[in-house]
Number of protein chains: 2
Amino acid sequence: MVKRTSFEGDVCAVARSLDVIGDWWSLLIIRDALGGVRRFSQFQRSLGAAKNMLASRLKTLVAHGILDIEPAQDGGAHLEYAITDKGRALMPVLAALSQWGREHLFEPGETCSVILDAKTKKPIDKVRVHAKDGRELKADDVVVGRGRAR
Amino acid sequence: MVKRTSFEGDVCAVARSLDVIGDWWSLLIIRDALGGVRRFSQFQRSLGAAKNMLASRLKTLVAHGILDIEPAQDGGAHLEYAITDKGRALMPVLAALSQWGREHLFEPGETCSVILDAKTKKPIDKVRVHAKDGRELKADDVVVGRGRAR
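As the structure is a computational prediction, the values presented were derived from the model and not from experiment.

Considerations on the overall build of chain A
Check the secondary structure of chain A and you find 6 helices and 4 strands. Structurally, chain A occupies a C-alpha span of about 50 × 40 × 35 Å along its principal axes. Of all 150 residues assigned to chain A, the portion counted as buried reaches 49%. By sequence separation, contacts in chain A at least 24 residues apart represent 36% of the contacts at least 6 residues apart. Surface exposure of chain A reaches about 7400 Å², of which carbon and sulfur atoms provide 50%. On chain A, the mean spot of the 24 positive side-chain charges and the mean spot of the 19 negative ones are 3 Å from each other.

Structure representation (structure tokens):
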């Protein structure tokens, strides 16, 4: 297994984010949690993942405040995982990733998941990047600088 | 090492995208390529990654058309890696991830990378998700459905 450097203290916000949620399984867990999955057995069925792997990823996401552990909604004895506001804030990342995949990794006409506006059941608008003055920015229109958090 | 299921044929566009670029190192390579890094040695220095690991990730990204191999810009004998349009289209994913990290993984006032509008050198606007009619959508306002690619 490739030894991973930790980017926990990196000033790059992308690197530090990947340190927390860059794991391939973790993003799929967050996807499922955003979709309402709460029970260990549901995550397992959805992801086809081994129990120990899933348990370890859930534990990490709870430790980072992306998921919360809550009592079962039906009053049962098991615990459930609820997405937090910090986890909900990842929706634009997943929406942008889903749209990129749909555009670049599927054949025309192939069945594909689509993110829909819950109210109208129509596909959401394309996730775009804008300048503060409203101009749409493409990859060549942005640079990375240094600043302060919040 | 956890055996990875391949999600290559998955209908979920997030799963299929992660199959290609979900690897932690791959996204950091794409980040660097978007920032203008082209040479193997530059990627290595930026990422602190082992040569064999970096070579294998670069090869995968070239195979998926996210990077192209090109002759050296200075006429030298080495090859360089250039980001393609397919790779450039990942900028909104990285921008959204960077903003999430800056907001949730840094202490207030801590030094942090910031994505800037190249023209004004001001931070870009927050990446937001909208419905086709312009309403801003939060995590609870979207659902995943099935559709067709393109």
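Regarding the side chain of B:Ser17
If you trace the backbone, B:Ser17 turns up in helix α1 (residues 13-21). The exposure class assigned to B:Ser17 is buried, which follows from its relative accessible area of 0%. Within polar-contact distance, the side chain of B:Ser17 engages the backbone oxygen of A:Leu97 at 3.2 Å. Leaving out residues up to four positions away in the same chain, B:Ser17 has contacts with A:Leu97, A:Trp100, A:Gly101, A:Leu105 and B:Gly22.

Considerations on the interface of chain A and chain B
Counting residues at the interface gives 87 residues for chain A, matched by 86 residues for chain B. With both chains or domains summed, chain A and chain B bury close to 8300 Å², and 66% of this area falls on carbon and sulfur atoms. Considering only the side of chain A, the residues that lose the most area to chain B are A:Trp24, A:Trp100 and A:Arg150, jointly responsible for 10% of the buried surface there. In this structure, A:Asp140 and B:Arg88 form a salt bridge, with 3.4 Å as the shortest nitrogen-oxygen distance. On the surface where chain A and chain B come into contact, there are 38 residue pairs in polar contact (both at pLDDT 80 or more). Among the secondary structure elements, those contributing two or more residues to the side of chain A that touches chain B are α1 (13-21), α2 (24-34), α4 (51-63), α5 (85-88), α6 (91-104), β3 (111-117) and β4 (142-148) of chain A. Examining the composition of the side of chain A that touches chain B, we find that 13 residues originate from one element, α6(A), more than from any other. Residues that form the side of chain A that touches chain B fall into these classes: 48 nonpolar, 14 polar and 25 charged. Strand direction decides the pairing type here: β4(A) and strand β3 (residues 111-117) of chain B, joined by 7 bridges, are antiparallel. Opposite A:Gly145, over in β3(B), you have B:Val114 as the bridge partner.

A short note on the domain arrangement of chain A
Under the domain assignment used here, chain A contains domain 1 (13-84) and domain 2 (91-141). Here the C-alpha centroids of domain 1 of chain A and domain 2 of chain A sit 24 Å apart.

A look at the pattern of salt bridges
Residues and elements named next belong to chain A. As enumerated under the stated definition, the model contains 27 salt bridges over all chains in all. In this structure, the salt-bridge partner of Glu-70 is Arg-38, at a minimum N-O distance of 2.9 Å. You can see Glu-70 sitting in strand β1 (residues 67-71) and its partner Arg-38 sitting in the loop between α2 and α3 (40-47), a full 32 residues away along the chain. Classification of Glu-70 by relative accessible area gives partly exposed; the value is 30%. Among the residues examined, Arg-38 registers a relative accessible area of 14% and is labelled buried.

Describing the environment of B:Asn52
Residues and elements named next belong to chain B. Structurally, Asn-52 is set in helix α4 (residues 51-63). Note on Asn-52: relative accessible area 60%, which makes it exposed. Residues Asn-52 and Ala-15, spaced 37 residues apart in sequence, show a C-alpha to C-alpha distance of 26 Å.

With respect to the environment of B:Leu90
Within the secondary structure, B:Leu90 is located in the loop between α5 (85-88) and α6 (91-104). Not counting residues within four places of it along the chain, the set of residues in contact with B:Leu90 comprises A:Leu97, A:Trp100, B:Ile21 and B:Ile30.

Notes on the relation of the copies chain A and chain B
Between chain A and chain B, the superposition needs a rotation of 180° and an axial shift of 0.0 Å, giving an RMSD of 0.0 Å. On this basis, the relationship between the two copies can be described by a two-fold rotation axis. A shared binding surface is used by both copies, with 99% of the interface residues of chain A retained as interface residues in chain B.

Focus on the packing of aromatic side chains
Residues and elements named next belong to chain A. In the structure shown here, the tally under the stated rule is 2 aromatic pairs over all chains. Ring plane angle 75° and centroid distance 6.3 Å describe the contact between Phe-43 and Tyr-81, whose orientation is recorded as edge-to-face. One end of the pair, Phe-43, is in helix α3; the other, Tyr-81, is in strand β2 (residues 79-83), and 38 residues separate them in sequence. The same class applies to Phe-43 and to Tyr-81, which are both buried.

Basis of the calculations
- Residues numbered from 1 in each chain as written.
- Chains lettered and ligands numbered in written order.
- Predicted model: local features only at pLDDT ≥ 70, side-chain atom pairs only at ≥ 80, totals over all residues.
- Heavy atoms only, no water.
- Helix = DSSP H or I, 4+ residues; strand = E, 2+ residues; numbered from the N terminus.
- Buried < 20%, exposed > 50% of the residue type's maximum accessible area, 1.4 Å probe, protein only.
- Contact = heavy atoms within 4.5 Å.
- Areas by Shrake-Rupley, 256 points an atom, 1.4 Å probe, with all protein chains shown as cover.
- Lys, Arg positive; Asp, Glu negative; His and termini not counted.
- Charge placed at Lys NZ, Arg CZ, Asp CG, Glu CD.
- Polar contact = N/O pair within 3.5 Å; in protein donor to acceptor, adjacent residues only side chain to side chain.
- Buried area = accessible area lost by both parts, 1.4 Å probe.
- Salt bridge = Lys/Arg side-chain N within 4 Å of Asp/Glu carboxyl O.
- Nonpolar A, V, L, I, M, F, W, Y, C, P; charged D, E, K, R; others polar.
- Pairing = 2+ DSSP bridges.
- Domains from an automatic or database assignment.
- Least-squares fit on C-alpha atoms with pLDDT ≥ 70 in both.
- Phe/Tyr/Trp six-rings, centres within 6.5 Å; stacked < 30°, edge-to-face > 60°.

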